[in-house]
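Listed here are the chains, written in short residue letters.
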Amino acid sequence: MRIAILALQGAFAEHQQMFERLGVESFLVRNMADWQQPKDGLIIPGGESTTMLRLIRELGLQQPVTDAIRGGLPVFGTCAGLIMLDHDHLGTMDITVKRNAYGRQLGSFVAHEDIKGIGTFMMTFIRAPYITEVGPMVDVLATVDGHIVAAQQGNQLVTSFHPELNEDTRIHEYFLKMCH
């Protein structure tokens, strides 16, 4: 199994380290040649969604990435990656997102909440968004204080927190099962 990690900006190295710990091959996508490699799934990491969207467009990756996700390629978006999949950006997931919903960097926090199909999980929020609305095909996986912070729609998994910053590999393992 090979997982592509969009490495234009943000926390891509931490996702790659998580897959190394799990013994799963991954590679970084920084241009079209990287994108064209064989892959079983895609990570869109946390970072700055405006910058990532600008770069993905400039590099000619927006349409190929969007087409691959719509064609069934499993994708896991964390924080800014969640924003990238919403209807205002790549438009592949039927969600509405509130950006920087928890405030600036000083508003960062950790919560321990249940994730459907996984159990209690330590969630690290850094300038995090949350989902304000979901379409009928979206399965809400977790909430914090009544706000949706994890969801799945078919081949798409999103979290508004950063599981790659913790030692717990269960969300990445959940994603890998989606890739089989």
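Residues numbered from 1 in each chain as written. Predicted model: local features only at pLDDT ≥ 70, side-chain atom pairs only at ≥ 80, totals over all residues. Heavy atoms only, no water.

J.: How should the pattern of salt bridges be read in this particular structure?
T.: A pair can form between side chains of opposite charge whenever their charged atoms are brought close. For the structure shown, the criterion picks out 6 salt bridges. With a closest N to O distance of 3.6 Å, R21 and E167 form a salt bridge. Of this pair, R21 sits in helix α1 (residues 12–21) while E167 sits in the loop between β11 (156–159) and α6 (170–179), and the two are 146 residues apart along the sequence. Relative accessible area serves as the criterion here: at 63%, E167 is assigned to the exposed category. In this structure, E48 engages R99 in a salt bridge whose closest nitrogen and oxygen atoms are separated by 3.3 Å. Note that E48 is positioned in the loop between β3 (41–44) and α3 (49–58) and R99 in the loop between β5 (95–98) and β6 (109–115), a separation of 51 residues in sequence. (Salt bridge = Lys/Arg side-chain N within 4 Å of Asp/Glu carboxyl O. Helix = DSSP H or I, 4+ residues; strand = E, 2+ residues; numbered from the N terminus. Buried < 20%, exposed > 50% of the residue type's maximum accessible area, 1.4 Å probe, protein only.)

J.: Can you walk me through the packing of α1 against α6 in this structure?
T.: Helices that pack against each other are described as a pair by the angle of their axes relative to one another and the distance between those axes. At a minimum axis distance of 10 Å, the contact between α1 and α6 shows a crossing angle of 80°. With respect to their mutual orientation, α1 and α6 come out roughly perpendicular. Between α1 and α6, the contacting residues are H15, M18 and F19 on the first element and H172, F175 and L176 on the second. Across the contact of α1 with α6, the residue classes tally to 4 nonpolar, 2 polar and no charged. (Axes fitted to C-alpha atoms, helices over the stretch in contact; angles between N-to-C directions. Parallel < 35°, antiparallel > 145°, perpendicular 65-115°, else oblique. Contact = heavy atoms within 4.5 Å. Nonpolar A, V, L, I, M, F, W, Y, C, P; charged D, E, K, R; others polar.)

Keep in mind that these numbers describe shape and distance, not what the molecule does.
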